[in-house]
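These are the residues of each chain, in order.
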Amino acid sequence: MEEFDAIIIGSGAGGLATALCLAKAGQKVLVLEQHSVPGGWCHSFTLNGQRFSPGVHYIGLLNEGQSTDELYKGLGVANDLIFFRMNPKAYDHCFVNGEKFDFPAGFDNLKESLIARFPKEEKNIKEYLTLIQKVSEELQLIPKLKGIWQNITVPFRTKHFGKFALFSLKRVIDWHIKDPILKAILNAQCGDHGLPPNKASFPVHCSVMNHYADGGFYPMGGGSGIVKAMTNSIKKFNGVVRTNQKVTKILVENKKAFGIELSDGKQILAKNIISNADPSTTYLKFIGRENISKKLQKKLEKTKYSVTSLILFLTLDMDVTQFGIDSGNIWNFKNEDIDAHFETLTKGNILEDDEFPAFFFSCTTLKDPVSFNGRYHNFEIVTYVDFDSFKDFDQDDYHSRAYEAFKNRIIKKFMNSIEKIIPGAKENIVQAELGTPKTNQFYINSTRGNVYGTEKTLNQIGPFSYKNKTEIENLFLCGASTLSHGVTGATYSGLEAAARVLNCKSEDLLVKDATQKIKIYDAEDQSTWDEFVHKKREDKIRTFKEIKIN
């Protein structure tokens with residue numbers, strides 16, 4: 001029987017970060033992934049030669065010395081990462097009832113753009129954006145406070161966070177902003193945490209806005225670019241990553257975890273088990289209700305998971321740049337009532353109207369120009385729905401004719417909206433494949449197909465979130481339901497889980513290395529590209545032409 005120092009269940013960003021830190025610390029590490037490729041929500045896949053990344057759409061704070069940059073440097077993977085800077089004048093575009101507003105990189109630039117568009121709200125805009133910055137700064141400061149004196153002064157050091165921490169985004173923005181269109185623009189990025197303004201935690205929204213404040217960056221190779229860098233590093237430190245490995249049980253005796261069992265009955269022993277799976281999956285499926293406390297059972301019963309999604313993976317044979325499509329993402333809203341859109345999407349009949357009232361739209365071949373073959377452009381279009389929208393397909397083998405027909409009707413609905421952004425899109429479809437909540441559940445093994453782990457409401461974040469160290473000895477959690485969500489949030493959760501295993505501080509695991517540096521190029525400025533970037537692009541175009549000829 002095999003034995004390891006640590007087994008990590010699931011290879012999302014959190015699981016890979018945990019594995020990397022433990023492997024670097026000299027531990028014998030095994031990562032088990034149920035899918036055919038590692039990465040969880042960070043994985044990429046190809047459809048007829050076109051690459052898509054379902055969960056990675058942009059990453060922030062990657063400029064020199066910023067937190068994500070320092071995170072990847074500290075993990076020792078920066079040299080293996082290449083990112084493209086999305087349009088700095090508009091890394092996000094927000095459409096409200098057809099009117100467009102661009103999010104430029106930099107809080108000052110955003111402030112100026114908003115004031116120019118809404119001059120009557122100048123004072124309110126300045127106050128609100130300043131509050132966003134202060135709450136974000138204080139949120140990051142809290143875990144760094146050490147010693148009796150610093151803890152005594154917490155209320156003074158974090159007064160803005162303390163004042164607004166318990167309020168929803170809607171409550172706070174209503175206190176500061178009057179114009180409904182301006183509110184919608186400032187709330188647009190709530191899609192990055194999957195909650196409408198009336199339910200979203202204001203500090204979480206501050207954190208999201210701050211994360212992207214200096215612009216968006218997209219990895220070369222899509223999400224798989226990050227996965228490859230981390231898995232290669234894990235293997236360099238003798239860690240093992242295995243795919244197609246479905247864990248069915250965490251072995252527990254006397255409240256102590258000592259191994260796992262796979263679907264084929266094989267057991268593997270370990271000193272520590274780290275689960276990157278949802279808490280409900282970890283505790284109720286892998287551990288078993290009989291092995292956890294009544295208190296934890298009650299917490300699990302009350303736990304709500306985030307929204308699930310529909311993702312259209314689309315390839316078009318046309319020059320989409322002539323319609324203003326660039327490397328910036330698009331947040332599209334039918335009107336300014338974002339709360340109503342969430343309600344319609346997650347509570348109603350998803351086929352009721354001809355178009356979706358809100359969706360996220362992204363062109364990956366413009367964000368990652370190396371992936372462009374000179375002719376076809378790829379898109380990922382996302383909207384949120386309730387898992388029960390697919391309750392008619394609950395069986396294990398859900399790929400029925402009825403399911404395919406249901407998907408095709410949804411694709412047509414998506415295309416009605418896309419046609420308004422890109423006229424002629426319907427006539428130039430190369431391929432259109434739909435990912436549904438059932439797809440999320442199957443490939444990611446997420447509870448009810450959720451995309452952000454637990455729902456990020458006030459009673460499920462911070463001190464109320466699931467802890468990395470569990471009540472079961474030698475069992476730890478990482479991932480979006482613990483410290484934070486998103487690519488970087490999940491990565492930090494893995495760092496924290498490794499620190500709990502090693503009984504050290506998470507910052508101790510980030511090694512200062514002056515030789516580590518992320519390569520960043522402008523997606524839309526070829527003059528910033530190195531020769532090898534130009535060559536990769538040329539190779540892609542040449543290969544595509546050869547395939548077409550043959």
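This one's a predicted model, so the numbers in the text were calculated from it and none came from an experiment. (Residues numbered from 1 in each chain as written. Predicted model: local features only at pLDDT ≥ 70, side-chain atom pairs only at ≥ 80, totals over all residues. Heavy atoms only, no water.)

**Things to note about the overall build of the protein**
Turning to step 1, where the next piece is worked out: Summing up its helical and strand segments, the protein has 19 helices and 19 strands in all.
Turning to step 2, where the next piece is worked out: By the compact-globule yardstick of 24 Å for 550 residues, the protein fits well, its C-alpha radius of gyration being 23 Å.
Turning to step 3, where the next piece is worked out: For the protein, the C-alpha atoms occupy an extent of roughly 65 × 65 × 50 Å along the three principal directions.
Turning to step 4, where the next piece is worked out: By the burial criterion, 58% of the 550 residues in the protein qualify as buried.
Turning to step 5, where the next piece is worked out: A separation threshold of at least 6 residues defines the contact pool for the protein, and within that pool the share at least 24 residues apart is 72%.
Turning to step 6, where the next piece is worked out: Total accessible area computed for the protein in this model is approximately 24,000 Å², and 50% of it derives from carbon and sulfur atoms.
Turning to step 7, where the next piece is worked out: A gap of 4 Å separates the mean positions of the 70 positive and 66 negative side-chain charges of the protein. (Helix = DSSP H or I, 4+ residues; strand = E, 2+ residues; numbered from the N terminus. Rg over C-alpha atoms; globule rule 2.2 N^0.38 Å. Buried < 20%, exposed > 50% of the residue type's maximum accessible area, 1.4 Å probe, protein only. Contact = heavy atoms within 4.5 Å. Areas by Shrake-Rupley, 256 points an atom, 1.4 Å probe, with all protein chains shown as cover. Lys, Arg positive; Asp, Glu negative; His and termini not counted. Charge placed at Lys NZ, Arg CZ, Asp CG, Glu CD.)

**A few points about the environment of Thr491**
Turning to step 1, where the next piece is worked out: Tracing the backbone shows Thr491 in helix H18 (residues 486-502).
Turning to step 2, where the next piece is worked out: Residue classification places Thr491 among the buried residues on the basis of a relative accessible area of 1%.
Turning to step 3, where the next piece is worked out: When residues no more than four places from it in sequence are discounted, the contact partners of Thr491 are Ala13, Gly14, Ala17, Leu71 and Leu75.

**Structural notes on the environment of Thr528**
Turning to step 1, where the next piece is worked out: Counting through the fold element by element, Thr528 comes out in the loop between strand S19 (519-522) and helix H19 (531-549).
Turning to step 2, where the next piece is worked out: Aside from chain neighbours lying at most four places away, what touches Thr528 is Tyr521 and Asp522.
Turning to step 3, where the next piece is worked out: Engagement of the side chain of Thr528 in a polar contact is seen with the backbone nitrogen of Asp522, the distance being 3.0 Å. (Polar contact = N/O pair within 3.5 Å; in protein donor to acceptor, adjacent residues only side chain to side chain.)

**With respect to the packing of aromatic side chains**
Turning to step 1, where the next piece is worked out: Within the structure shown, the criterion is met by 28 aromatic pairs.
Turning to step 2, where the next piece is worked out: Centre to centre, the rings of Phe101 and Phe103 are 5.7 Å apart; their planes meet at 85°, and the pair counts as edge-to-face.
Turning to step 3, where the next piece is worked out: Accessibility expressed as a relative area gives 1% for Phe103, which makes it buried.
Turning to step 4, where the next piece is worked out: With centroids separated by 6.5 Å and ring planes inclined at 70°, the aromatic side chains of Tyr384 and Tyr452 adopt a geometry described as edge-to-face. Note that Tyr384 is positioned in strand S16 (residues 376-385) and Tyr452 in the loop between helix H17 (437-444) and strand S18 (475-477), a separation of 68 residues in sequence. (Phe/Tyr/Trp six-rings, centres within 6.5 Å; stacked < 30°, edge-to-face > 60°.)

**Describing the pattern of salt bridges**
Turning to step 1, where the next piece is worked out: Taken as a whole, this structure holds 28 salt bridges when the rule is applied.
Turning to step 2, where the next piece is worked out: A salt bridge links Arg448 to Asp388, with the nearest nitrogen and oxygen atoms 3.3 Å apart. In this pair, Arg448 sits in the loop between H17 and S18 while Asp388 sits in the loop between S16 and helix H16 (401-421), placing the two residues 60 residues apart along the sequence.
Turning to step 3, where the next piece is worked out: Overall, the relative accessible area of 38% leaves Arg448 in the partly exposed class.
Turning to step 4, where the next piece is worked out: On the basis of relative accessibility, which here comes to 35%, the residue Asp388 falls in the partly exposed class.
Turning to step 5, where the next piece is worked out: Beyond isolated ion pairs, a larger network of salt bridges with shared partners links Glu64, Asp69, Glu70, Lys73, Lys512 and Lys517. (Salt bridge = Lys/Arg side-chain N within 4 Å of Asp/Glu carboxyl O.)

**With respect to the sheet that holds S19**
Turning to step 1, where the next piece is worked out: The 3 strands lie next to each other as S8-S5-S19, forming an open sheet whose pairing is mixed. The open sheet terminates on both sides in strands that have one partner only, identified here as strand S8 (217-219) and S19. Across the sheet, the mean angle from the axis of one strand to that of its neighbour is 30°, orientation sign disregarded.
Turning to step 2, where the next piece is worked out: Here strand S5 (residues 82-85) runs beside S19; their pairing, made up of 4 bridges, is parallel. Within S19, the residue paired with Phe84 across the bridge is Tyr521. (Pairing = 2+ DSSP bridges. Axes fitted to C-alpha atoms, helices over the stretch in contact; angles between N-to-C directions.)

**Observations regarding helix H8 (residues 169-176)**
Turning to step 1, where the next piece is worked out: The set of residues buried in H8 consists of Leu169, Val172, Ile173 and His176. End-on view of H8: buried residues confined to an arc of 95°, all on one side of the axis. (Arc of directions from axis to C-beta.)

**Concerning the nonpolar core**
Turning to step 1, where the next piece is worked out: Tyr128, Phe202, Ile325, Phe379, Ile410, Ile418 and Ile422 are the most contacted members of the largest nonpolar core, which totals 88 residues.
Turning to step 2, where the next piece is worked out: Apart from residues lying up to four places away in sequence, Phe379 is in contact with Phe52, Leu312, Phe313, Leu314, Leu316, Val320, Ile325, Phe361, Ser362, Cys363 and Ile422.
Turning to step 3, where the next piece is worked out: Counting residues in hydrophobic clusters, the runner-up holds 43 residues, among them Ala78, Ile226, Cys478 and Ala499. (Core = buried A, V, L, I, M, F, W, Y, C linked by side-chain atoms within 4.5 Å.)

**Points about the sheet that holds S16**
Turning to step 1, where the next piece is worked out: Taken in spatial order, the 7 strands of this open sheet run S7-S6-S14-S15-S16-S13-S17, and their pairing is mixed. Edge positions in the open sheet fall to strand S7 (99-103) and strand S17 (429-435), since each of these has one partner strand only. Recorded for the sheet is a direction-independent mean angle of 20° between the axes of neighbouring strands.
Turning to step 2, where the next piece is worked out: Relative to S16, strand S13 (residues 308-317) runs antiparallel, the two sharing 10 bridges. Its bridge partner being in S16, Thr315 is matched across the sheet by Asn378.
Turning to step 3, where the next piece is worked out: Across the sheet, H16 is in contact with S13, strand S14 (329-333), strand S15 (358-363), S16 and S17; its angle to S13 comes to roughly 60°.

**Let's talk about the side chain of Ser371**
Turning to step 1, where the next piece is worked out: Looking at where Ser371 falls in the secondary structure, it is placed in the loop between helix H15 (364-367) and S16.
Turning to step 2, where the next piece is worked out: One polar contact links the side chain of Ser371 to the main-chain carbonyl oxygen of Asp368, over a distance of 2.6 Å.
Turning to step 3, where the next piece is worked out: Each residue touching Ser371, except ones within four places of it in the same chain, is listed here: Arg51, Thr364, Thr365 and Lys540.

**Topic: the packing of helix H1 (residues 13-24) against H18**
Turning to step 1, where the next piece is worked out: Following both chains from N to C, one finds H1 and H18 inclined at 40°, their axes separated by 7 Å at the closest point. With respect to their mutual orientation, H1 and H18 come out oblique. Crossing angle aside, the handedness with which H1 passes H18 is right-handed. Contacts between H1 and H18 involve Ala13, Gly14, Ala17, Thr18, Cys21 and Leu22 from the first element and Val487, Ala490, Thr491, Ser493, Gly494, Leu495, Ala497, Ala498, Val501 and Leu502 from the second.
Turning to step 2, where the next piece is worked out: Here the contact of H1 with H18 is built from residues that sort into 11 nonpolar, 5 polar and no charged. (Parallel < 35°, antiparallel > 145°, perpendicular 65-115°, else oblique. Left-handed = near helix turned anticlockwise from the far one by under 90°. Nonpolar A, V, L, I, M, F, W, Y, C, P; charged D, E, K, R; others polar.)

**With respect to the confidence of the model for the protein**
Turning to step 1, where the next piece is worked out: Residues with a pLDDT of 70 or more make up 95% of the protein, whose mean pLDDT is 94.
Turning to step 2, where the next piece is worked out: Predicted confidence for residues 148-154 stays below pLDDT 50, and this span has 7 contacts to residues more than four positions away or in other chains. (pLDDT = per-residue confidence, 0-100.)

**With respect to empty space enclosed by the protein**
Turning to step 1, where the next piece is worked out: A full pass over the atoms with the stated rule returns 3 cavities of 30 Å³ or more.
Turning to step 2, where the next piece is worked out: Roughly 40 Å³ of volume is contained in the largest cavity.
Turning to step 3, where the next piece is worked out: Around the largest cavity, the lining residues are Arg51, Phe52, Ser53, Tyr218, Gly222, Thr364, Asp368, Ser371 and Glu380.
Turning to step 4, where the next piece is worked out: Taken together, the residues that form the lining of the largest cavity break down as 2 nonpolar, 4 polar and 3 charged. (1 Å grid on protein atoms, 1.4 Å probe; cavity = no way out; pocket = protein on both sides within 12 Å on 5 of 7 lines; lining within 4 Å. Points joined across faces, edges and corners; volume = space filled by probe spheres on them.)

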